[in-house]
Structures are given as structure tokens and as C-alpha cells.
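Breakdown of the fold
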Amino acid sequence: MIQFNSVSKKYPDGTAAVQSLDLYIREGEFLILAGPSGCGKTTTLKMINRLIDATNGTITIRDKNIRDYNIHELRWNIGYVLQQIALFPHMTVEENIAVVPELKKWSRAQIKERIDELLTMVGLHPNTYRGRKPSELSGGQQQRIGVARALAADPDILLMDEPFSALDPVSREKMQNDILALQKRINKTIVFVTHDMQEAFKLGDRICLMKAGQIVQIDTPKTIFTHPANEFVHQFIGSARPLTQEIMTAAQALESLPIADKKSGGRRISADLPLEEAIEQLMDDEQIEVEKEGQIIGVLTRQSALAYLSGVLKERRMYE
Ligand code: ADP
């Protein structure tokens, strides 16, 4: 659907934001662009709707170079949602959503019907919200209107740049769930930028993890989790690890510890035991042996488990 061929972007000041990027985004896919701040996610995203033009290489949508599309048509057919949604303050919700359909010269009746449909789709009752001004909406509601506006003219592609990162955790989780449900229903191709790996794991069909303008790994969340391509990926997803309980085991805590004494006597647990259960055992015993396939692979002590958890929490905070 969207194909990047050796795409690079160099800003006038010489910053090489994206370097020789090859990327194929499939039709109907939810693709996440992830990676640390400054790695080129937003630049990559904005090159799709030509808010930024590539310096080298080509981008095609449905096999046609994006430079060969009429720029207005290209943008109207690609929905765009930003972190700080910029609704027009003097316009009502209805007028805000109608902008692109009006540019596309849809009929009054068609636009009205579409607005009702979209407001319902994003969970806002049309009769209550149609006539409100943006200042009469909460942050989460404004963001919903932003999503509705981006979908207004029924684009095939939706670009989302950290759309939920300014929301409080509860609204954010709700929006994440809603966009997943919406995606199942309307089957758009979504390209979604986030620096939050938990969000990436939750939403993405595939995650494209970038570093310094290049792709480090592109894969399903599961493969990235279980087979990180290198130490950078491993470190980067570290922040999301603790929240995925089935993956956080006693063995994992051991992995990050200095080599411990392999014999302690006393109680034994399996390396696959979820960490929280291992920790429960550590309430009774100062230390426990961790066993894998009949071998003791290390000793988990109360102190080392606490040190591990503290590291994980610190790491997580870094990405919040
Ligand atoms: P991300 O979205 O991953 O944080 P960006 O795509 O915004 O990364 O930026 C990639 C790199 O390009 C960064 O080093 C950033 O400072 C630089 N950059 C972004 N926009 C500009 C610009 N208009 N002029 C010069 N450098 C820029």
C-alpha cells in the first residue's frame, strides 16, 4: 500500500533525519513507528502526506509516486491526527469535522449524515456534541473529535503522531481500546507514531523500531519481544517488559543480575515462574534457587529481586 524506497531526509541545517529507509506498509495494517526521541519517526510520517518532502528516494501509495498525486487530493485522502489536536476554536464540533467533506464538495445532507455517524463512532452523542465549541470539550473529547475529523472524508490511510500522549492515563487507555476496535471495524491502514513501547505493543500489527534515522527492527510485537534484533531493541523494550506478566519470569530477573552463587540449598522454583510468584516466595525465604531443565541456573535473593524491580521501574519512568 505505502512503499518507501531508499528514502532519505536531510534538513537544510544538515541533520540527516531519515537515512535510506526501505519500508512497506500493508493495506489494512496498523503499523507503529517507535523509537527514542529524535530517531526520525515524525519525519517519516510526515513524508507520507508530503508535509515534508523526501530529499532522496521515492514513496509510492498504491504503486503511484506521491509526487504524482495532486497534493490536495493526496492530503484529503490521508487522515492526520496530532498530539495537540488543533481544532478551529471558533467553529463548532460539526463545522470542525466538516472541513474536508466541504472541500470535497459533498452535499449538505451527506455531510450531516457523516457527522452523526462519526460522532457515534468515536463515542460522542451527536445531539449533545454537534454544536459545541472546542473549549466546551475535555482533552479526551477534543482528541476524539480530532480522530473523527481525520476520518471525515473516509480516507484509506490514517497517520497518527503521538495522538494520545497528552491525555491522562485513563482517557489514554480508553482511546487506545477505541482505536483498536475502530480499526477492526473500518480496516484503515494506520501509521502511528509513539515513543511508548507499551502503546506500541498494545496497538501494532507490526512495530517498526527506529534509531538515528534507520530501521533497527520491523516485526510483530511478539517477535520483537521474544527475538529482539540486538541489544538496543532489548534495552528499548525493557520499559514495556514488566507489564507483560507472562513474559516476566524469575529467569528474566536472574538474567539481569550479576552471576550469583549457584547453590544455596532451600526452596527451588522453576525459571518460568512468573516473577510476582517468585517474589511471594521470597517473603518467606531470603533466597530461592531457580531451576531450568533440571539445572540450577541461579539464586534469586530478596535483595536482588528488589534491585531488579527498582531498575525496571526506573527504566519505565524514563519512557513515560
Ligand atoms: P522523532 O519524531 O523520532 O522524535 P523527528 O523526525 O522529529 O524525530 O526528528 C529527527 C531528527 O531531525 C532530529 O534530530 C530532529 O532534531 C531533526 N529535525 C526535525 N525537524 C527538523 C527541522 N525542521 N530542521 C532541522 N532538523 C530537524
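About the cut-offs
Residues numbered from 1 in each chain as written. Predicted model: local features only at pLDDT ≥ 70, side-chain atom pairs only at ≥ 80, totals over all residues. Heavy atoms only, no water. Pairing = 2+ DSSP bridges. Helix = DSSP H or I, 4+ residues; strand = E, 2+ residues; numbered from the N terminus. Contact = heavy atoms within 4.5 Å. Axes fitted to C-alpha atoms, helices over the stretch in contact; angles between N-to-C directions. UniProt positions renumbered as here; feature names shortened; annotations may be inferred. Expected span 1.5 Å × (residues − 1). Buried < 20%, exposed > 50% of the residue type's maximum accessible area, 1.4 Å probe, protein only. Near = heavy atom within 4 Å. Polar contact = N/O pair within 3.5 Å; in protein donor to acceptor, adjacent residues only side chain to side chain. Nonpolar A, V, L, I, M, F, W, Y, C, P; charged D, E, K, R; others polar. Parallel < 35°, antiparallel > 145°, perpendicular 65-115°, else oblique. Left-handed = near helix turned anticlockwise from the far one by under 90°. Phe/Tyr/Trp six-rings, centres within 6.5 Å; stacked < 30°, edge-to-face > 60°. Lys NZ or Arg CZ within 6 Å of the ring centre and 35° of its normal.

Regarding the sheet that holds strand β1 (residues 2-10)
In spatial order, the strands read β2-β1-β4-β5; together these four strands make up an open sheet with antiparallel pairing. Where the open sheet ends on each side, the last strands, each with one partner, are β2 (16-25) and β5 (64-65). Judged from the two bridges that link them, strand β4 (residues 56-61) and β5 form a sheet pairing that is antiparallel. Across the sheet, the residue bridging to Ile-61 is Lys-64, located in β5. Docked against the sheet, helix α1 (residues 41-48) engages β1, β2 and β4, running at close to 120° with respect to β1.

Observations regarding the UniProt feature "domain: ABC transporter" (unreviewed entry) in the protein chain
With numbering aligned to this structure, UniProt lists the feature "domain: ABC transporter" (unreviewed entry) at residues 2-237. Taken as a whole, residues 2-237 contains 40% helix and 25% strand, while its terminal C-alpha atoms sit 26 Å from one another.

Looking at helix α6 (residues 139-151)
Its 13 residues give α6 an end-to-end C-alpha distance of 19 Å, which sits within 8% of 18 Å, the value for a rise of 1.5 Å per residue. The buried count for α6 comes to eleven of 13 residues, which makes it a mostly enclosed element.

A look at the site of the ligand
In the vicinity of the ligand, the contacting residues are Tyr-11, Asp-13, Thr-15, Ala-17, Pro-36, Ser-37, Gly-38, Cys-39, Gly-40, Lys-41, Thr-42 and Thr-43. A distance of 2.7 Å is found between an oxygen atom of the ligand and a backbone nitrogen or oxygen belonging to Gly-38. At 2.9 Å, a backbone N or O of Thr-42 approaches an oxygen atom of the ligand. Taken together, the residues of the shell around the ligand break down into four nonpolar, six polar and two charged.

Examining the packing of helix α4 (residues 108-121) against α6
Look at α4 against α6: their axes get within 9 Å of each other, and the N-to-C directions meet at 135°. Between α4 and α6, the interaxial angle falls into the category oblique. Crossing handedness for the pair α4 and α6: right-handed. For the pair α4 and α6, the contacting residues are Arg-114, Leu-118, Leu-119 and Met-121 in the first and Ile-145, Ala-148 and Leu-151 in the second.

Topic: the packing of aromatic side chains
A complete count under the given rule lists four aromatic pairs for this structure. Consider the rings of Phe-30 and Phe-192, whose centres lie 5.7 Å apart with planes at 45°: the pair is tilted. Note that Phe-30 is positioned in strand β3 (residues 30-34) and Phe-192 in strand β8 (residues 189-193), a separation of 162 residues in sequence. Judged by relative accessible area, Phe-192 falls into the buried class, the value being 0%. Ring centres 4.7 Å apart and planes at 40° place the aromatic pair Phe-201 and Phe-225 in the tilted group. Residue Phe-201 is found in helix α8 (residues 197-203), and its partner Phe-225 is found in helix α9 (residues 221-226); the two are separated by 24 residues along the sequence. Aromatic ring contacts, followed pair by pair, group Phe-30, Phe-164 and Phe-192 into a single cluster. One Lys or Arg, Lys-64, reaches over the ring of Tyr-69 and ends 4.5 Å from the middle of that ring.

Let's talk about the packing of helix α3 (residues 93-103) against α6
The interhelical angle for the contact between α3 and α6, taken along N-to-C directions, is 30°, at an axis separation of 7 Å. Relative to α6, the element α3 is oriented roughly parallel. When you trace α3 past α6, the crossing you get is right-handed. Along its contact with α3, which presents Val-93, Asn-96 and Ile-97, the element α6 presents Ile-145, Ala-148 and Arg-149. Split into classes, the residues belonging to the contact of α3 with α6 amount to four nonpolar, one polar and one charged.

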